[in-house]
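Spelled out from the first residue to the last, the chains are:
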Amino acid sequence: MHTKKNVLVIYTDQQRYDACGYAGNLVARTPNIDALADDGLVYTRHYASNPVCQPSRASLLTGRHLRAHRLIDNGMALPLDEVTMPQIFAEAGYATACVGKLHLDCWSSPDSPEGFARWGTGEMDDWTGPHYGFQEIRTCMGHGEGASGHYGLWRQERFPDIAIGPGNAQGEENYPAINCYKSNLPKEAHCNAWILEETLNFLDRKGDQPFYLHASFPDPHGPFVPPAPYNTMFREAEMPAAHYREGEHDTKPRIYRDAMAGGPENEYNRDGGPWYMGNMRDTALRQAIAHTHGMNAFIDDTVGRLIQALKERGLYENTIIVYTADHGDFLGDHDYLVKGILPCDALTHIPLIVRDPDGTKGVEARVNSNVDIMPTLLQKCGLTIPEGVQGVPLPEPGGPCRRDYAYETGYSKISPEFHHYSIVKDKVRFSIFPHLEDGELYDLTVDPYELTNLYHHPDWQERRQALHEELLFAVGKAEPRISPAQYLPFVTGLVPEAVRLEGGGHGGQGVAEGCAPPALSVYWRGAATGIRSGDARGY
């Protein structure tokens, strides 16, 4: 039997740091994840590089920030010349696979293997990769009852006659306006059941080869439609109130107030902005929170079965297990639901458990980032960290502090007004919105839910100026390593149909086919995003 450590990354979508019992949530029912926390190292201040799906996922798998890996917003594609963590493991002789939601490419693209259009034609039915360093792919694209990809094919074959959608929902109290209802889909037909089945199939198929396995759950991302019994497991009336204070947005950058102008149909939400709850706080919001707890409980049951399967196969004691998420959900905090390109703690503060059979157990309270996961796992497995990785190995109790802040940034295809830079360090969160000439500053010691913006407070101006300087250093360190010569093809503003500069990947920062220069942080591949160079809108 091989002596290399295996790696299992259990990845959830849109799950807040405080989603589980081990994080102090008294409502949650997550005994299996809590047990994993007891057997591993819990990071209480782990932050995403971005508050929405694709950019954060790219940071996890490249160890790099947005301007370096160039996937700056949802609806884009990670450049093909990026070096990914599964690629490094594959080159070291590991079997690499992703089961579930990957989302590094554009779902609306007509030429992407992750595109809905191609899966609707039947041409992808036998496709299993490779893709972004994963030798095998079993994909689930989308969320809720209508998810596509390999999962969609499996469900149609196994459960062809199930009536789904809000018109077939269980129970009387449902809120389809926010995609919240009690699903009629049985739990056996849910994507969680499929992810478990495909994950176990991979473990049995790989033989004695060491593995890097990415088990990626589309939940608890909305729609808020868990199956029975999880859709009645939590009483809506008993859900704790969200963290919101009337008038809290008055001192925040204008886009917070813009987000209060309407619900899912608001123009602000064209780029995935949050939904303002307003008069739905005591009805639809409570059900969304209860259903989120139900989805978390379903994930927990699945995680428990997956860990048990590792133990039964004699793999648990030789496998590093990482449990984390791409970003969080407002779940009523600040009077919003879902997510948006905002640097709030509810969105960027995410769970992280690292269970290493030979590693430290306990709690690590120093600030760290999801760009740090890749170098950590490579180091633990004795593999070389590629040049250009911007993360550093995660801190451990008693060990050195390699970086005392977490850096986060946000961009948007819709408007540069969303553009922001943030750092979290000590017990403060500091953010700048350059195009609004405004910012945020919170004292997390007394204001952990970020209700009082101190950016303009006279007593905080000296600290604000110091944080400005620290943020500037962080921004510079997150820039890609590129040479001035790499800008030359773009000096005239004419981008060739296909450009690949010498020295691609992490070291040379080459530009993939159809790609704008790294300096602009905008990437598109053919029709992969539906964006053209004239739509870059300030980036």
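Every value quoted in this text rests on a predicted model; they were computed, and no experiment measured them.

Peer 1: Quick rundown of the overall build of the protein? Include the residues and the values.
Peer 2: If you tally the helices and strands in the protein, you get 13 helices and 20 strands. Counting every position in the protein, which comprises 539 residues, the buried fraction comes to 63%. Considering only residue pairs separated by 6 or more positions, the protein has 70% of its internal contacts joining residues 24 or more positions apart.

Peer 1: Describe in detail helix H6 (residues 150-158), supporting the description with residues and values.
Peer 2: Listed as buried for H6 are His150, Tyr151, Gly152, Trp154 and Arg155. Against helix H5 (116-119), strand E5 (136-141), strand E6 (148-149) and helix H7 (191-205) lie the buried residues of H6.

Peer 1: Break down the pattern of salt bridges for me, citing the residues and quoting the values.
Peer 2: Side chains that differ in charge, positive against negative, can pair when their charged atoms come close. For the structure shown, the criterion picks out 37 salt bridges. We note a salt bridge from glutamate 236 to lysine 182, for which the minimum N-O separation is 3.1 Å. A residue pair is termed long-range when its members are at least 10 positions apart, and glutamate 236 in the loop between strand E9 (211-220) and helix H8 (254-258) and lysine 182 in strand E8 (residues 180-182) qualify at 54 residues. For glutamate 236, a relative accessible area of 22% gives the class partly exposed. Taking relative accessible area as the criterion, lysine 182 reaches 11% and is therefore assigned buried.

Peer 1: For the side chain of arginine 464, give the residues involved together with the corresponding values.
Peer 2: Inspection of the secondary structure puts arginine 464 in helix H12 (residues 461-477). Despite being buried, arginine 464 has no salt bridge partner; aspartate 438 is the closest side chain of opposite charge, sitting 6.7 Å away. Setting aside residues up to four positions removed in sequence, arginine 464 forms contacts with Phe430, Leu441, Tyr455 and His456.

Peer 1: Residue-level account of the packing of aromatic side chains, with values.
Peer 2: Taken as a whole and judged by the stated rule, the model has 11 aromatic pairs. Judged by centre distance (4.9 Å) and plane angle (75°), the rings of phenylalanine 89 and tyrosine 94 are edge-to-face. Between the aromatic rings of phenylalanine 134 and tyrosine 212, the centroid separation amounts to 6.1 Å while the plane-to-plane angle is 35°, which identifies the pairing as tilted. Taken together, the residues phenylalanine 134 in the loop between H5 and E5 and tyrosine 212 in strand E9 connect sequence positions 78 residues apart. For phenylalanine 134, a relative accessible area of 0% puts it in the buried group.

Peer 1: Got a sec to walk through the pairing of strand E4 (residues 95-100)? Specific residues and values, please.
Peer 2: Most of E4 sits inside the fold, with 6 of its 6 residues counted as buried. Across 6 bridges, E4 lies against E9 in parallel orientation. The residue bridging alanine 95 from the neighbouring strand is phenylalanine 211, located in E9. Bridge count for E4 against E5 is 4 bridges, and the pairing is parallel. Residue pairing for E5: glycine 100 is matched across the bridge by threonine 139.

Peer 1: Give a detailed account of H12, specifying residues and quantitative values.
Peer 2: Residues lying three or four places apart along an α-helix face the same way, a consequence of the helix completing one turn every 3.6 residues. Helix length check: H12 (17 residues) gives 25 Å between terminal C-alpha atoms against 24 Å at 1.5 Å per residue, within 8%. The complete set of buried residues in H12 reads Arg464, Leu467, Leu471, Ala474 and Val475. End-on view of H12: buried residues confined to an arc of 95°, all on one side of the axis. Opposite the buried face of H12, at more than 90 degrees from it, the exposed residues are Glu462, Leu472 and Lys477. Buried positions along H12 lie against strand E17 (405-410), strand E18 (420-425), strand E19 (428-433) and strand E20 (438-443).

What counts, and at which threshold
Counting restarts for each chain: residues are numbered from 1 in the order of the written sequence. Residue-level local features of this predicted model are given only where pLDDT is at least 70; pairs of side-chain atoms are given and counted only at 80 or more, and the full residue set underlies all totals for whole chains, interfaces and linings. With hydrogens and water stripped out, all remaining heavy atoms of the structure feed into the side-chain values. Comment: elements are numbered from the N terminus, with helices defined as DSSP H or I runs of at least four residues and strands as E runs of at least two. Each residue is assigned to one of three classes by its accessible area relative to the maximum for its type, calculated with a 1.4 Å probe on protein chains only: buried under 20%, partly exposed between the two thresholds, exposed over 50%. By definition in these notes, contact holds between two residues if any of their heavy atoms fall within 4.5 Å. By convention in these notes, a salt bridge is any Lys or Arg side-chain nitrogen within 4 Å of a carboxyl oxygen on Asp or Glu. In this tally Asp and Glu are treated as negative and Lys and Arg as positive; neither His nor the chain ends contributes. Stacked, tilted and edge-to-face pairs are distinguished by plane angle, under 30 degrees for stacked and over 60 for edge-to-face with tilted covering the rest, among Phe, Tyr and Trp rings (Trp via its six-membered ring) whose centres lie within 6.5 Å. Two strands form a pair only when DSSP identifies at least two bridges running between them. Residue count minus one, scaled by 1.5 Å, sets the expected span of a helix. In this description, the arc belongs to the directions extending from the helix axis to the C-beta atoms.

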